[in-house]
Amino acid sequence: MSADRYRGLFWSPEGDPVPGALEISASGTLHVEIQGQLLEKHSRWGESDEAARIHGEISDSPFPGPVVTLFRCLPTQREFGPGGSLERWLAHRALIGDEVVESDAVFERVTLGIRGLAAFLGDAPSLVDVENDIIQIPDFWTEVERLTIGDWKVGFGWRTNRHWDATHVKLEQSPFIQIELGRPHSVDEVLSDVVPVFEALLTIALQAHARVEQILVSSSDEQNAYRVLGQRVEVAGTSNRRLDRSKLLFLLADMPGGHALIERVRQLFAQHPEFTAIFLGHERAPPHYVEDRLRVSVLTLAHCTPVFPGVGERARQWLTALENAPAQVRAFLPSAALVAVPELVRELLTPNLCEALGVRSKESFVEGIGPAFRWATLREGTQDPGRELLRLNHQLRALLHLSLLRFLGFEPEDAERRMVHFIKQRGIPM
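This report concerns the structure included in the present document. Only a predicted model underlies this, so the values are computations on that prediction, with no experimental measurement involved. (Residues numbered from 1 in each chain as written. Predicted model: local features only at pLDDT ≥ 70, side-chain atom pairs only at ≥ 80, totals over all residues. Heavy atoms only, no water.)

Structural notes on the packing of aromatic side chains
Cut-off, in case you're wondering: Each pair of aromatic rings taken from Phe, Tyr and Trp, with Trp reduced to its six-membered ring, is defined by centres within 6.5 Å and is described as stacked if the planes are under 30 degrees apart, edge-to-face if over 60, and tilted in the remaining cases. Helix and strand labels come from DSSP, where a helix needs a run of H or I of at least four residues and a strand needs a run of E of at least two; each type is numbered from the N terminus. The classification of residues rests on relative accessible area computed with a 1.4 Å probe and restricted to protein chains. Under 20% of the type maximum is buried, over 50% is exposed, and intermediate values are partly exposed. In this scheme, Lys NZ or Arg CZ marks a charge over a ring once it lies within 6 Å of the ring centre and within 35 degrees of the ring normal.
Tallied over the entire structure, the rule returns 6 aromatic pairs. Centre to centre, the rings of W152 and F198 are 6.0 Å apart; their planes meet at 25 degrees, and the pair counts as stacked. Of this pair, W152 sits in strand β11 (residues 152–164) while F198 sits in helix α2 (residues 187–206), placing them 46 residues apart in sequence. Take F198: its relative accessible area is 0%, and that puts it in the buried class. Seen in terms of ring centroids, F250 and F410 are 5.2 Å apart; in terms of plane orientation they differ by 45 degrees. Their pairing is tilted. With F250 in the loop between β14 (226–230) and α3 (258–271) and F410 in the loop between α12 (386–408) and α13 (412–426), this pair connects stretches of sequence that are 160 residues apart. Above the plane of the ring of F176 lies R159, whose end atom (NZ or CZ) is 4.9 Å from the centre. Taking NZ or CZ as reference, R264 lies 4.4 Å from the ring centre of F407, over its face.

So, in structure tokens, the structure goes:
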């Protein structure tokens, strides 16, 4: 995999600068190559706490500044030769700006660039004044929508970047989400509590993983902004293809009570962490084998059942009736959420959706989920052909996204209409 490479000087918090290079892969993996020794000669390889953080200054930086701070670094390679020594370090995360970042730094503002955001927001502000036949240069930040979500203030809008030389001026409009946090957050909190909320929101709208392509953190006055790099943060510009917004499940303008919808996504992460971990884990890196995909789809639907009041009551009653069963029997009983999956599927499958998904009989479809799941999980029963398992998995993914629309606040009829339209436009979700 190709990687961008930036040369510079690097040092440990207590060490001297040594020449090296920062490598950033397209997927966000960070490596530092050191020409020499980063640690003191008396330090034992891989045992110094000081090496957990590496500072550096790179040349020709395309980021907010030249100073890079790398966190949770691990040595992966060390070579000695006539020309000297070479070390390679793997970094978990990096912040790049104008100053070194301490490990306890906190931030009050986050700016996100996410795949599909341009289509989600709609048309960018026009740069052409047709009446006066002139080109307008808008403000640096043009806000489309501003919402208050709990203690967050969230702005959706467009940032205009200007590049010029002696003869040309180039204007670029890029969509971003700006979040003013109610309290200071560490980088770990930003990445675990803030970024996934908007990643999940766009993923549901796109019916495909909305890759996070840029994260900027800063203080409340936007001074000392830092670019965050690391795993699951794509290099901005790797997916410039503009999506057809007619093929999204919903747009920013469609959100029923936008602040309430995003608040419900926050609740989803706070109250159902197992669901969001499985859901985003699958969207970020779908398993290679169809059995694994089917198993994850059923388990994700199972974790989704608690957000539907009334669904699963029969399953809970059935499990309650077995409370006095021997311990050996209870040890093999499935959870109420897993038992409730067929009930949830029956509620979601309407005649229109059955037709769109190619389901000829609702009951036979529901009855086929259990045997397929047992085969995918325990290899019990008769194996369905791989093509049938793949089709069943696609149908379950569509029902999962429909259930998420319902949970986010879309009326059942509206959610069904959007899902049917999406299937006709782009096919059954993978």
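On we go.
Looking at the pairing of strand β2 (residues 18–25)
For clarity, the cut-off: A pair of strands is treated as paired once DSSP finds two or more bridges between them.
Among the 8 residues of β2, 7 are classified as buried, and the element is accordingly described as predominantly covered. In the sheet, strand β1 (residues 3–11) pairs with β2 via 8 bridges, with the strands oriented antiparallel. Residue pairing for β2: D4 is matched across the bridge by I24. The antiparallel hairpin formed by β1 and β2 contains 6 residues in its connecting segment. Looking at chain direction, β2 and strand β3 (residues 30–35) are connected through 5 bridges and run antiparallel.

A few points about unusual backbone geometry
The phi torsion at R72 lies on the positive side, around 55 degrees, for a residue other than glycine. With phi around 60 degrees, Q207 is a residue other than glycine that occupies positive phi space. One can find Q207 in the loop between α2 and β13 (212–218).

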